[in-house]
Structures are given as structure tokens and as C-alpha cells.
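# Overview (structure and organization)
Here is what each chain is made of, one letter per residue.
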Amino acid sequence: MKAKGLGFYLLLLPFVLWFVLLIVLPHLQMLELSFIKRDYLAGDSVGWYQYQQFLGEPLYWRTLLRTVWMSLLATFITLLVSFPVAFFIAKVAQGKIKRLLLLSCLLPFWVSELVRTYGWMILLRESGVISQGLMALGLTEQPIEFLYNDVSMLVGLVYTSMLFMVVPLVSTLEGLDQSLIEAGYDLGGNGWNVTTSIIVPYAMPGIVSGCIMVFMLCLGNYLTPRLLGGKDSLWFTEQIFTQFITRFNWELGAAFGVILLLVSSLVVALGLKLSGQSFSRTLGR
């Protein structure tokens, strides 16, 4: 019994070290840094100065609200696109077709996010494939620039996040008994009734799990908004990057990081509350 207990703790030790050294300690250091006000004449002081700066500058908090809203919108679109795909993979496709579809979802992630984003830039730019194709078909007389707007940015966010929605949905839907769906139709239900009354409630843990992952990925994304949204597309991670790298204002950058973490946690907690799910049940799926 003692040997079994010792083995369990030895197996748990790498995870604990990873969690403490790479997550807990850096965040505690960032929290401490966010309360420091640098003054090379009077000396450093501790207070709420950085957070007052955030609240006092409309650009900062409006950018945060915009980032949260766009991330929620991207999450919703990703769910709409991914749910039919996940259902087809889990309940319709069989054998090699099922494995091929899963591989097709996984294939884009064999390359880095930067390469995937540049791929969309090649497709959407003024001299890109889509614009040239429309001209070749006679649908437009001049090249069209599809880049550097919110629509192109949302396309990139959905594309880069789709796998993280499909996988938990497939995992959950595979456990759905086919007889429940057949019973729904036998009792006079149509496709909409069966979907909303049987499939969606059963898949809710997977939906919530996928939405949490996609929302957090979109909220913390930097490359996609930067490259596809252009210079006029405000994203809060760009503000953090600017404070840390461009202005060397690590204190304000740390405060922005803490604020982003608190807001994302609040949104996730609110989503769990509204969906009637618990964090443990969602992770259990």
C-alpha cells in the first residue's frame, strides 16, 4: 500500500513541478509586478497605479471589451461550423472515412500557426487566389482586398481553433446511444426536435469544454489578429505586447496580463453558470 502511494506521488511530481514552476510562480510574479510603480528619483512604490492607468485610458478598456466580444463571436461561429462536422464523424462516418476525416481536421496543425495564417493571407489578399478567381469568372472587374478587416480576422480565428472544438464534441457524441435518436424520430420528432431535445443536451459537456478552449485561445491569440486584422484591428494581446516589448513598461504590461486573466476567468465562470455545467463535469468529458 505504501509502495503504491509512493508511486502515485512520484508520477504526480512532474505535473506538480510543471504547474508550479511554469504557471503558478510566473503568474504570482506578474501579479506582484503589476502593483509596482517605478520612480527612479523617489524610489519604487506599491499601489494601484497601473490599474488606474487602464481605467483612465478609454483605448485600453475598449480594446479589452472588443477583444472579449470578438472572441465570443469567433467561439460561437466555431461551434456552429464544428458541430455538424463532429456529429458526422462521431455518428455517421465509419472505418477509414472516419479516420480520414479526423486526420483532415488534424492536418493543418502539422504546421505552425504563422504558416497557417500566411496561407489565409495568400488566399485573401488583393492579388490572391480568391480575388483572381472572381476576376477570371467575370464577377468583378477589379481585384478585391479581403484582408485587414474583422471578417478576415474571424475566418482566421475560426480556422485556427476548429480542432479544439471538434475533438471534445466527437469524444462526447461517440457515447450517445443511437437508439435514443431513433426513439426521438419514432415518437414523431423531426430533425430540429431531436437535435435540440436529445443531441445538444447530451453533448453539452463537450460543447462547454470546446467553447472554453476556443474562447481562451482566441482571447490570447496574437498572430491572427495582427496579420489578418491589420493595424486598425485592436486586440488586447497587442496592447500587452506593446507594453512589454515596445515601451519596456513591464509593470503596465503585467497589469494588463492580470486583467486579461481575471476577465477570461469571469467569462468562463459565467458561461458555466448559464449552461448549468460544472468545471469538474466538463473536464471529465
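Thresholds applied
Residues numbered from 1 in each chain as written. Predicted model: local features only at pLDDT ≥ 70, side-chain atom pairs only at ≥ 80, totals over all residues. Heavy atoms only, no water. Helix = DSSP H or I, 4+ residues; strand = E, 2+ residues; numbered from the N terminus. Expected span 1.5 Å × (residues − 1). Salt bridge = Lys/Arg side-chain N within 4 Å of Asp/Glu carboxyl O. Buried < 20%, exposed > 50% of the residue type's maximum accessible area, 1.4 Å probe, protein only. Axes fitted to C-alpha atoms, helices over the stretch in contact; angles between N-to-C directions. Parallel < 35°, antiparallel > 145°, perpendicular 65-115°, else oblique. Left-handed = near helix turned anticlockwise from the far one by under 90°. Contact = heavy atoms within 4.5 Å. Nonpolar A, V, L, I, M, F, W, Y, C, P; charged D, E, K, R; others polar.

## Points about helix α12 (residues 250-275)
When the terminal C-alpha atoms of α12 are compared, their 37 Å separation across 26 residues agrees well with the 38 Å that a helix rising 1.5 Å per residue should span. Two residues or fewer past α12, G276 is found with a positive phi of approximately 75°.

## Some remarks on unusual backbone geometry
Located in the positive-phi region is Y148, a residue other than glycine, with phi close to 60°. Phi angles above zero are rare outside glycine, and F248 is one such case at about 55°. Within the element layout of this structure, F248 appears in the loop between α11 (236-246) and α12.

## Overview of the pattern of salt bridges
Enumeration over the complete set of coordinates arrives at three salt bridges. For D150, the salt bridge is made with R66, and the minimal N-O distance between the two is 2.7 Å. Residue D150 is found in helix α7 (residues 150-173), and its partner R66 is found in helix α3 (residues 58-92); the two are separated by 84 residues along the sequence. Across the pair R226 and E238 runs a salt bridge whose closest N-O atoms are separated by 3.6 Å. Here R226 is found in helix α10 (residues 223-228), whereas its partner E238 is found in helix α11, with twelve residues between them in sequence. Overall, the relative accessible area of 42% leaves R226 in the partly exposed class. Residue classification places E238 among the buried residues on the basis of a relative accessible area of 11%.

## Concerning the packing of helix α5 (residues 113-124) against α7
Viewed as axis vectors pointing N to C, α5 and α7 meet at an angle of 140°, and their least axial separation amounts to 11 Å. In terms of orientation, α5 lies oblique with respect to α7. Regarding α5 and α7, the two cross each other, and that crossing is right-handed. Of α7, the residues touching α5 (which contributes E113, R116, W120 and L124) are S152, V155, Y159 and T160. The residue makeup of the contact of α5 with α7, split by class, is four nonpolar, two polar and two charged.

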